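So you can see what is in the structure, the chains are spelled out below.
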Amino acid sequence: MKNRKKSETKLRGYQVEDTKSIENAWKEFRSVLYQLPTGGGKSVILTNLVSKYPKEQVLIFAHKKRLLTQLHERLNGMGIKTGILYGQKSEDLDAPVVVVSILTAVNDKRLEKLTARNWDKVIIDEARHSRTNSYDKVLTALVEACPMHKLLGVDATPHRKDGKRLDKHFQTLVNSTETTAS
């Protein structure tokens, strides 16, 4: 396994505090929902967290190709060996970090491969989507396969217009100390 480099990105004060808050919440809860306004640097915090746990297996979900490729490129650019899985694209799935499309993961054969690994952390970008049938199926299977993994959902607006509650998958909410995007 390749050693991970420390992030080259200098974190802002609130990003440092928010990262600590997420880690403190993980001490008490298995699953954490983190809210940060649009433009506040959710991907910066997410990739910083991944870099802090170099020996862990991390699975990251997103629902758009643009988000998947951005995370994949950013993590690889930091020296973190990262695989990617969406549609027919399947690269480096044995890497310690894998970025996956939820629409690909819900496929039974793909889900079987994903649940065969012992993930330490599972991260969901734009976590308000975690209450779709696809996420419900995948997250339930992951909890059954590796019940000790830590779950992090990140979102600017962690609520749903249809009224479905996010507490099905997340036990606690960490609000950013940043109230407006800079």
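Above this text is the structure in question.
Reference entry: report on the structure contained in this document. (Residues numbered from 1 in each chain as written. Predicted model: local features only at pLDDT ≥ 70, side-chain atom pairs only at ≥ 80, totals over all residues. Heavy atoms only, no water.)

In terms of regular secondary structure, the protein chain is built from 6 helices and 8 strands. Secondary structure elements of the protein chain occur, N-terminal to C-terminal, as α-β-α-β-α-β-β-β-α-α-β-α-β-β. On C-alpha atoms alone, the protein chain measures out to a radius of gyration of 15 Å, which is about the 16 Å that the 2.2 N^0.38 rule sets for 182 residues. Relative to its full complement of 182 residues, the protein chain shows a buried share of 51%. Taking all contacts inside the protein chain whose residues are at least 6 apart in sequence as the whole, residues at least 24 apart take part in 73%. Looking at the protein chain, you have 32 positive and 21 negative side-chain charges, and the mean spots of the two groups are 2 Å apart. (Helix = DSSP H or I, 4+ residues; strand = E, 2+ residues; numbered from the N terminus. Rg over C-alpha atoms; globule rule 2.2 N^0.38 Å. Buried < 20%, exposed > 50% of the residue type's maximum accessible area, 1.4 Å probe, protein only. Contact = heavy atoms within 4.5 Å. Lys, Arg positive; Asp, Glu negative; His and termini not counted. Charge placed at Lys NZ, Arg CZ, Asp CG, Glu CD.)

Turning our attention to the sheet that holds strand E1 (residues 31-35). One open sheet accounts for 8 strands, arranged E4-E3-E5-E2-E6-E7-E1-E8; its pairing is mixed. Edge positions in the open sheet fall to strand E4 (89-91) and strand E8 (172-175), since each of these has one partner strand only. Neighbouring strand axes in the sheet, compared pairwise and without regard to direction, differ in orientation by 20° on average. Where strand E2 (residues 58-62) meets strand E6 (residues 121-125), 4 bridges bridge the pair, whose relative direction is parallel. Each residue of the ladder has a partner; that of Val58, found in E6, is Lys121. (Pairing = 2+ DSSP bridges. Axes fitted to C-alpha atoms, helices over the stretch in contact; angles between N-to-C directions.)

As a further point, take the pairing of E2. Along E2, 5 of the 5 residues are buried, which leaves the element largely enclosed by surrounding structure. Residues of E2 alternate between two faces, with Val58, Ile60 and Ala62 on one and Leu59 and Phe61 on the opposite face, all of them buried. Looking at chain direction, E2 and strand E5 (residues 97-101) are connected through 5 bridges and run parallel. Across the sheet, the residue bridging to Leu59 is Val98, located in E5.

Scope: geometric values only; no functional claims are made or implied.
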